[in-house]
Amino acid sequence: MTPTTRPTRHPAGHPLRRDVPSTAAVLADARDFAAMRRYRTFPFDDHRRYLQQLETLLRTLAAQGVHTTLCLFDPTAFAGYCADHGLDPDDPGSRSRYTAAVACTGASLAYDGTPLDRLLPLLTEEAARRASWDRATTLLARAGHCAECGHDLAHAAFTRATTALQHLLTALGDGTHHLVCTLPDAGDSLRAYLHTTGTPDGAPPQLPESETLVFCTVLAAALAQPATGALVCRTTPTDDPTGTPAGTPAEPAPATVRGWRLRDAWPDPISAAEIFDAYCTDPETDEPIPPEHRVDYAPGLPLPPPPGPHCHP
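Residues take numbers from 1 onward in each chain, read along the sequence in its written order. The predicted nature of this model means local features are confined to residues of pLDDT at least 70 and side-chain atom pairs, given and counted, to a pLDDT of 80 or more, with totals for whole chains, interfaces and linings taken over all residues. Heavy atoms from the whole structure form the basis of all side-chain values; hydrogens and water molecules are not counted.

### Some points on the overall build of the chain
Helix and strand definitions follow DSSP, with helices as H or I runs of at least four residues and strands as E runs of at least two, each counted in order from the N terminus. Looking only at helices and strands, one finds eight helices and 10 strands in the chain. Counting every position in the chain, which comprises 313 residues, the buried fraction comes to 36%. Residues are treated as being in contact if the distance between any of their heavy atoms lies within 4.5 Å. Contacts in the chain between residues at least 24 apart in sequence constitute 64% of all its contacts with a sequence separation of at least 6. Accessible surface is estimated by sampling points in the Shrake-Rupley manner with a 1.4 Å probe; for residues, cover comes only from the protein chains shown. As displayed, the chain has an accessible area near 17200 Å², and 54% of this comes from carbon and sulfur atoms. Exposure is judged per residue with a 1.4 Å probe applied to protein chains only, and the accessible area is read against the type maximum: over 50% gives exposed, under 20% gives buried, and values in between give partly exposed.

### Here we look at the packing of aromatic side chains
Planes of paired rings set the category: under 30 degrees apart is stacked, over 60 is edge-to-face and the rest tilted, where pairs are Phe, Tyr or Trp rings (Trp by its six-membered ring) whose centres lie within 6.5 Å. Here the structure, examined in full by the defined rule, presents 11 aromatic pairs. Note on Phe-33 and Phe-42: the rings are 5.5 Å apart at their centroids and 70° apart in plane angle, and the pair reads as edge-to-face. According to the relative accessible area criterion, Phe-33 is buried, its value standing at 4%. Classification of Phe-42 by relative accessible area gives buried; the value is 6%. Here the aromatic rings of Tyr-81 and Tyr-98 are separated by 5.6 Å at their centres, their planes lie at 65°, and the arrangement is edge-to-face. Highlighted residues: Tyr-81 in helix α3 (residues 75-85) and Tyr-98 in helix α4 (residues 92-105), separated in sequence by 17 residues. Pair check on accessibility: Tyr-81 and Tyr-98 agree, each one buried. Feature note: the residues Tyr-39, Phe-73, Phe-78, Tyr-81 and Tyr-98 constitute an aromatic cluster, connected by ring pairs.

### A look at the packing of helix α5 (residues 116-141) against helix α7 (residues 209-224)
The contact between α5 and α7 brings their axes to 9 Å, and the two run at 45°. Judged on the interaxial angle alone, α7 and α5 are oblique. α7 is crossed by α5, and the crossing has left-handed handedness. Packed against α5, whose contacting residues are Arg-129, Ser-132, Trp-133, Ala-136, Thr-137, Leu-139 and Leu-140, the element α7 presents Ser-210, Leu-213, Val-214, Thr-217, Val-218, Ala-220, Ala-221 and Ala-224 at the interface. Gly is placed with the polar residues, together with every amino acid not listed as nonpolar (Ala, Val, Leu, Ile, Met, Phe, Trp, Tyr, Cys and Pro) or charged (Asp, Glu, Lys and Arg). Split into classes, the residues belonging to the contact of α5 with α7 amount to 10 nonpolar, four polar and one charged. Structural elements are reduced to axes, namely lines fitted to C-alpha atoms, with helices fitted over the stretch in contact, and the angle between N-to-C directions of any two is expressed from 0 to 180 degrees. Orientation categories follow fixed angle ranges, with anything under 35 degrees roughly parallel, anything over 145 roughly antiparallel, 65 to 115 roughly perpendicular, and all other angles oblique. Two helices crossing with the near one rotated counterclockwise from the far one by less than a right angle form a left-handed crossing, whereas a clockwise rotation gives a right-handed crossing.

### Some thoughts on the state of the cysteines
Counting rule for disulfides: a pair of cysteine sulfur atoms within 2.5 Å. Tallying each qualifying case throughout the model produces zero disulfides. The thiol of Cys-71 is unpaired, and the distance to the nearest cysteine sulfur, on Cys-104, comes to 9.2 Å. Cysteine Cys-181 remains unbridged, with the sulfur of Cys-216 as its closest cysteine sulfur at 9.3 Å.

### Some thoughts on the pattern of salt bridges
By definition, a salt bridge exists where a carboxyl oxygen of Asp or Glu is found within 4 Å of a side-chain nitrogen of Lys or Arg. Counted according to the given criterion, the structure contains eight salt bridges. Here Glu-55 makes a salt bridge to Arg-59, at a shortest N to O gap of 3.6 Å. Note that Glu-55 and Arg-59 are positioned in helix α2 (residues 47-63) at a spacing of four residues, about one turn of the helix. Its relative accessible area of 15% is what places Glu-55 among the buried residues. Arg-263 is paired through a salt bridge with Asp-268; the nearest N and O atoms lie 2.8 Å apart. On the basis of relative accessibility, which here comes to 38%, the residue Arg-263 falls in the partly exposed class.

### What to know about the side chain of Arg-258
Along the polypeptide, Arg-258 turns up in strand β8 (residues 255-263). We count Lys and Arg on the positive side and Asp and Glu on the negative side, and we leave His and both chain ends out. One buried charge, Arg-258, has no salt-bridge partner; the nearest side chain with opposite charge is Asp-296, at 8.6 Å. At 3.5 Å, the side chain of Arg-258 forms a polar contact with the backbone oxygen of Pro-299. Once you skip the residues sitting within four places of it in the chain, Arg-258 turns out to touch Leu-172, Leu-231, Val-232, Cys-233, Thr-235, Ile-275, Ala-298, Pro-299, Gly-300 and Leu-301. The term polar contact refers here to a pair of N or O atoms within 3.5 Å; inside protein, the definition further demands a hydrogen-donor-capable atom paired with an acceptor-capable atom, and it admits residues adjacent in sequence only when both atoms are side-chain atoms.

### A few points about the pairing of strand β5 (residues 175-185)
Counting buried residues along β5, eight of its 11 residues qualify, which places the element largely inside the surrounding structure. By definition, two strands form a pair when at least two bridges between them are found by DSSP. Pairing analysis gives 11 bridges linking β5 to strand β6 (residues 188-198), with the strands arranged antiparallel. Following the sheet pairing, Pro-184 is matched in β6 by Ser-189. Summarising the sheet, β5 and strand β7 (residues 229-236) pair through seven bridges and their orientation is antiparallel. By the bridge assignment, Thr-182 is partnered in β7 with Ala-230.

Here you go:
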């Protein structure tokens, strides 16, 4: 999609041009691109050339010193936006208005010169992260209050989630940890990621604030739902204190994968065989697939008991 800017009558070369930010909404998926071709005013007929032209435009704006925000263009959401606001979807002005709205409320990234083929996966991941966060927040808002004591179940679940994460990181200890929390949901699964590194001295790891908030929100929603969610951690050994890499120089120490079920409002460790089966089975065909090279499958680590009944964290 073409960028939209704040209204200005100044020509493109005017000094104020670099003070006026731009927004571009991109059709990252070929199916979304095909869906937009039904509109007469949509001027593109080839997805690859469309992306090339968009990247050229982004580079031109960057060379002019213009800050550009990139977001995703969703044809289905666009059609709904037009219906809600009484707009003609086959009007370029409607696409511009939708782009401006998405930039304010949806996932976005600042264009920094990164090639588009590397930036789009990051943008898609950010959009999925935002969608999971929004859905998890909705699920928590619907949790209501405990019928016995009246306690706010969403607050209790979030407290449990942060407590479980603290216990989990303490149990995992040294190493670089990549955690994935998933919760089955209607039509799709909620998914959140957290990447952190533990140190040999046991000091609390530095956690990215935004990523941690999303992770704990999805984890809280999983702990508050009757459906069984899952928590998986892949740990990669870090260098030892002397600076010598873990394992031998030619063959570094393997990564370790562990898993937990999220049921009864707390992470429940699963066995090494269960995590092996989960990783080495094709989810679509149920056929076995080869295990990853240099990966060990280990049982989930036991955590301390949960902090009391679910309504009394």
